[in-house]
Amino acid sequence: MDLLAFIRALPKAELHLHLEGSLEPELMFELARRNGIALPYASVEETRAAYAFTDLQSFLNIYYAGAGVLIHERDFHDLAMAYFQRAKADGVVHAELFFDPQTHTARGIPFETVLAGLERAAQAARKELGVSSRLLLCFLRHLPEEDAFRTLEQAMPHLQRIHGVGLDSSELGQPPAKFQRVFARCRELGLHLVAHAGEEGPASYIKDALDLLKVQRIDHGVRALEDPALMERLARERIPLTVCPLSNIKLRVFPSMAQHNLKQLLDLGLCITINSDDPAYFGGYIGQNYLEIALALKLTRTELVTLARNSLLASFVTDAERAPWLAKLEAVANS
Ligand code: HPA
Ligand code: ZN
């Protein structure tokens, strides 16, 4: 079996995927036409050419503008359904998906419209594609904590359909401490907790996300390597890191894939997973992320199996849901 076929055959969970970041330019143009919205680009090709980022903020500016074509329940459904089809092709059996309600409610789109469209797609994916999923609501960290509290209020009637919360958007200057109260409230409500930390921000933000926000996973977290004591703790406590290789290269967290620290993190005993973050903007879905990092760092098939196994172990599902995926993974590993 060639390497990409092997990667795709591994049952895996995707744990770090922003649904708004899976909006391909083709669908962006279709939704713009459907909804009578003018785009700043003349064509799909011109749009892709504009995706030349220099850092996180330069990406976020374009990402939030792109999300402006999402208006109706059907738009959110179509967005998520397109992601599920790509994920299925890459062997994703389970996906824990971020969405950014504040990006939409700030434009006057009701919270319920967003959630209804995503939820309908999740049900169809389960039924038609056999892909399981959960939704994680992300708070935008560049906005005040009061805004996050207002978003949580809007989510309250729908908590059976929201499995957890995360924290995303501009990291530098937006420390975890800013969201300590809203995360404490989410914890009381029984929601799972994750946060982006240590992507552009310092290793201290990872520690603060664990100690102040009490998160169960760290999104990105690659800067943990700068703090040996933190590394030891992440390994000992088996705190999963949702690493996104193509994202890290496109946003210049590392100068090249060969200089990515994923193998060092793995060798130091951390529970590392591979994910695609915003695949429509960063040049590839989860299979491409596995492939490019495997080639650049010369990862063995055993290491790829470990990464896929970590993703299943780090997911917020029951042991009963996880067991058949793990069994299939071991079967592929031993084939
Ligand atoms: N980091 C922070 N915020 C984001 C990202 C990311 O990688 N993707 C979408 N929102
Ligand atoms: Zn992200």
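The structure under discussion appears in the preceding block.
A. Structural view of the nonpolar core. One finds Y83, F84, F139, F183 and Y281 to be the most contacted residues of the largest nonpolar core, which totals 114 residues. The element that contributes the greatest number of residues to this core is helix α7 (residues 111-129), accounting for 9 residues. Once residues within four sequence positions are removed from consideration, Y281 is found in contact with E20, G21, L23, M28, Y51, F53, F59, I62, Y63 and G66. F98, L136, V194 and F316 belong to the second largest nonpolar core, which has 5 residues in total.

B. Structural context of the pairing of strand β6 (residues 217-220). Bridge count between strand β5 (residues 192-197) and β6: 4 bridges; the pairing is parallel. Counted as the bridge partner of A197 is H220 from β6. In this region the chain leaves β5, passes through helix α10 (residues 203-211) and returns to the parallel neighbour β6; the handedness of that crossover is right-handed. Where β6 and strand β7 (residues 241-243) come together, 2 bridges link them in parallel fashion. Considered in β7, the bridge of I218 is made with L241. Crossover connection from β6 via helix α11 (residues 228-236) to parallel β7: handedness right-handed.

C. Examining the pattern of salt bridges more closely. Within this structure, the stated rule accounts for 23 salt bridges. The shortest N-O distance in the salt bridge between R150 and D147 comes to 2.9 Å. Here D147 and R150 lie together in helix α8 (residues 145-155), a separation of 3 residues that amounts to about one turn. Classification of D147 by relative accessible area gives partly exposed; the value is 22%. With a closest N to O distance of 2.9 Å, R185 and E188 form a salt bridge. With a gap of 3 residues between them, R185 and E188 both fall in helix α9 (residues 180-188), about one helical turn apart. The class of R185 is partly exposed, set by a relative accessible area of 32%. Three or more residues are tied together by salt bridges with common partners; here these are E30, R34, R74, D75 and D78.

D. Layout of the coordination of the zinc ion (ligand 2). Here the zinc ion (ligand 2) is held by the protein donor atoms H16 (NE2), H18 (NE2), H196 (NE2) and D277 (OD), which lie 2.0 to 2.2 Å from it. One chain supplies every donor to the zinc ion (ligand 2), and in sequence these donors are spaced H-x1-H-x177-H-x80-D. For the pair H16 and H18, a shared accessibility class is recorded, and that class is buried.

Procedures and definitions
- Residues numbered from 1 in each chain as written.
- Chains lettered and ligands numbered in written order.
- Predicted model: local features only at pLDDT ≥ 70, side-chain atom pairs only at ≥ 80, totals over all residues.
- Heavy atoms only, no water.
- Core = buried A, V, L, I, M, F, W, Y, C linked by side-chain atoms within 4.5 Å.
- Buried < 20%, exposed > 50% of the residue type's maximum accessible area, 1.4 Å probe, protein only.
- Helix = DSSP H or I, 4+ residues; strand = E, 2+ residues; numbered from the N terminus.
- Contact = heavy atoms within 4.5 Å.
- Pairing = 2+ DSSP bridges.
- Right-handed = clockwise from strand over helix to strand, strands pointing away.
- Salt bridge = Lys/Arg side-chain N within 4 Å of Asp/Glu carboxyl O.
- Donors = N, O, S within 2.8 Å, 3.2 Å for Na, K, Ca; no water.

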